[in-house]
Amino acid sequence: MATLDRRVALVTGGSRGLGRAVVLELARRGAHVVINYRRREQEARDTLEQLRSDGGEGSVYRADVTDPQQVQRMFQDVFERHRRLDILVNNAGILRDAYFLLMSASDWWEVLDVDLNGVFHCSKAAVRIMAGHRSGVIINIGSGLVAQLGQVNHNAAKLGLVGFSRALAREVGPKGIRVMHVAPGFFKTEMSETLNKSLIDATYQLTPLERWGAPPELAALVGFLASDDARCFSGQTIAIDGGRGAVEAEYGL
Amino acid sequence: MSGDLSDDTDVQAVLIHGAGTSLGLAVGREFVRRGMTVALYDAARPARTAAIARELSAEGSVLDLSELPLDEGDVELNLAGIAGRCGRLDALVNLFVPNGENGVADLQSYALKLYQRDLAAAAIIALYNNNGMIVNQFLLASSFADTELGHCVAAARGAIAGMTRTLCVRHARLGVRVNGLLVGLLDAPEIKVLASERVLASTTPLRRWAEPVDVAKCLAFLVLDSGYITGQLWVMDGGLTAGGNGP
């Protein structure tokens, strides 16, 4: 297994849930991990504490990914301190679920702002640094590719990441930068616990593995993709969904 | 809430089908280094497979089982025999590199044989592991461009992509996962011999062709560390098809 020794990583929305699991995995493989958060300072510090008690190195950084100036300052500070950035994991995301006719314009915009605009701002700042040392990996965490009721905003944003990742991969590949899109199905996190019970039961029935994923399983995938073991992958979407997407692709269920 | 991992998931023995190539050597070496018992099988290339087994046996536990029947007759019974020789069977890796001038003829029956083998293997693996793995490695047509071999590779790839997704549903009931790894431009001696000067894609966004060791690292991740991934087709191509069609 390739290590990430001496690499510098930044994970947006790294204070809890899938982001926290990714932070801990990258640190376990030897990277210095910058844990970005917006509001949940205590949870970000808890994540840092856990990372350090596992023997890892990291720091926390408060910035709102929807604000280009805050993003710019964060990446500038990371560069001044470490002189490089090897891994960016665009993980920050929010939910504002509502059936379409009940979805307000702000439900729509807020989700697109974090899930898509935030990825634009952060990736741009990261590519500036990565192109300087001609290496780097950007991993965009989307969500399951199967459309869910009440999530027009979420699905639009997350599928936007498919195109974003493909196009950016073509453009920055010659600079030694890889771009990947990871599409998780249902995972047990704080955010998924807001889903209603009938939806949760339905997901079991339609998932071949008949369970939800555990955050460390997603983290292991991100760790692999971030490492040199995956040096030939770029521009691809990789689903980690217990087979849910395969069912829809072949059976339309 | 069943977010828990299965407990009996230790992957100890892997069968590599189509092992008698540079790809087989790299993949076998990676699994041996990770402490697994590795069974090599390639009835079409027995001499090369035997040489690879000799080379790798210095590094760990390797068996060359090419003399046994596998794809003819009762495939499940044959696989049970192979599992018996290994002591158990947790994973099957199907490797594909076209076999010289026979490439096109081999391809016409390749997907059907792969289907029968994957079907039988799930039943055997389920006896030993409740989160076992089958990986079908195949190629995109990139390396062969607009040639007869390229067309046959594309047709077989379509068949393998579809059956990987449908088998994932059936196999999940047995506690076995199945995934595909599709390699674009592969920097292997066997492929270079076959690739004509008409190869369309002379470069990739990453300016890199995949080497056998890259395939090996990826297969090791899929077999050993990819617990919640099934029914997926990964494309390893240095970003070549990033703007185009998925599988």
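For the structure, check the block above.
So, here's what we can say about the structure. What you see is a predicted model; the values in this text were computed from it and never measured.

Topic: the interface of chain B and chain A
When the parts of a complex come together, some accessible area is lost, and that lost area is often used as the size of the interface. In this assembly, 46 residues from chain B lie in contact with 42 residues from chain A. Note on chain B versus chain A: buried area summed over both sides is about 3,900 Å², and carbon and sulfur give 60% of it. Applying the counting rule to chain B against chain A returns three salt bridges. Its salt-bridge partner being Arg165(B), residue Glu250(A) comes within 2.9 Å of it at the nearest N-O pair. In this structure, the connection of chain B to chain A is made through 12 residue pairs in polar contact (both at pLDDT 80 or more).

Points about helix α4 (residues 105-133) of chain A
For the α-helix, the turn length of 3.6 residues means that residues three or four positions removed from each other point alike. Residues and elements named next belong to chain A. Its 29 residues give α4 an end-to-end C-alpha distance of 41 Å, which sits within 8% of 42 Å, the value for a rise of 1.5 Å per residue. Of all the bends in α4, the largest measures some 40 degrees and sits at aspartate 113. Remark: arginine 134 follows α4 within two positions and exhibits a positive phi of approximately 55 degrees.

Points about the nonpolar core
Ranked by size, the top nonpolar core spans 127 residues in total, and within it Leu26(A), Phe31(B) and Trp234(B) carry the most contacts. Excluding anything up to four places from it in sequence, Trp234(B) contacts Leu221(A), Phe224(A), Phe233(A), Ile238(A), Gly180(B), Leu181(B), Leu182(B), Cys218(B), Phe221(B), Leu222(B) and Ile229(B). In terms of nonpolar packing, the next biggest core, distinct from the first, is built from 31 residues, Val34(A), Ile94(A), Val111(A) and Leu168(A) among them.

Looking at the sheet that holds strand β2 (residues 32-37) of chain A
Residue and element names in this part refer to chain A. Reading across from one edge, β3-β2-β1-β4-β5-β6-β7 is the order of the seven strands in this open sheet, with parallel pairing throughout. Looking at the sheet topology across the chains shown, the edges are occupied by β3 (57-62) and β7 (237-240). Across the sheet, the mean angle separating the axes of adjacent strands is 20 degrees when strand polarity is ignored. Across four bridges, the pairing between strand β6 (residues 177-184) and β7 is parallel. The residue of β7 that forms the bridge with alanine 183 is alanine 239. Lying on the sheet, α4 is in contact with β4 (87-90), β5 (136-141) and β6; it crosses β4 at an angle near 175 degrees. Its contacts with the sheet place helix α7 (residues 215-226) against β4, β5, β6 and β7, and it is angled at close to 165 degrees to β6.

Thoughts on a nonpolar patch on the surface
All names here are of chain A. A contiguous nonpolar patch, built from Tyr99, Leu102 and Leu149 and spanning about 420 Å² of accessible area, is present on the exposed surface. Mapped onto the elements of the fold, tyrosine 99 is located in the loop between β4 and α4. Its relative accessible area of 54% is what places tyrosine 99 among the exposed residues.

Here we look at the pairing of strand β1 (residues 13-17) of chain B
Where a strand is regular, its side chains alternate between the two sheet faces. All names here are of chain B. Within β1, five of the five residues are buried, which leaves the element mostly enclosed by the surrounding structure. Here β1 shows a buried face lined by Ala13, Leu15 and His17 and a second buried face lined by Val14 and Ile16. Of the strand pairs in this sheet, β1 and strand β2 (residues 37-41) are connected by five bridges, and their pairing is parallel. Opposite isoleucine 16, over in β2, you have leucine 40 as the bridge partner. Traced from β1 through helix α1 (residues 22-33) to β2, the parallel crossover comes out right-handed.

Comments concerning the packing of aromatic side chains
Applying the stated criterion across every chain yields a total of 11 aromatic pairs over all chains. Taking the centre distance of 5.6 Å and the plane angle of 85 degrees together, the rings of Phe233(A) and Trp234(B) count as edge-to-face. With Phe233(A) in the loop between α7 and β7 and Trp234(B) in strand β7 (residues 233-236), this residue pair bridges two chains. The burial state of Phe233(A) is the same as that of Trp234(B); both residues are buried.

About the cut-offs
- Residues numbered from 1 in each chain as written.
- Chains lettered and ligands numbered in written order.
- Predicted model: local features only at pLDDT ≥ 70, side-chain atom pairs only at ≥ 80, totals over all residues.
- Heavy atoms only, no water.
- Contact = heavy atoms within 4.5 Å.
- Buried area = accessible area lost by both parts, 1.4 Å probe.
- Salt bridge = Lys/Arg side-chain N within 4 Å of Asp/Glu carboxyl O.
- Polar contact = N/O pair within 3.5 Å; in protein donor to acceptor, adjacent residues only side chain to side chain.
- Helix = DSSP H or I, 4+ residues; strand = E, 2+ residues; numbered from the N terminus.
- Expected span 1.5 Å × (residues − 1).
- Bend = angle between axes of the 7 residues up to and from the residue.
- Core = buried A, V, L, I, M, F, W, Y, C linked by side-chain atoms within 4.5 Å.
- Buried < 20%, exposed > 50% of the residue type's maximum accessible area, 1.4 Å probe, protein only.
- Pairing = 2+ DSSP bridges.
- Axes fitted to C-alpha atoms, helices over the stretch in contact; angles between N-to-C directions.
- Patch = residues over 30% accessible without salt bridge, like charges linked within 9 Å, V, L, I, M, F, W, Y side chains within 5 Å.
- Areas by Shrake-Rupley, 256 points an atom, 1.4 Å probe, with all protein chains shown as cover.
- Right-handed = clockwise from strand over helix to strand, strands pointing away.
- Phe/Tyr/Trp six-rings, centres within 6.5 Å; stacked < 30°, edge-to-face > 60°.

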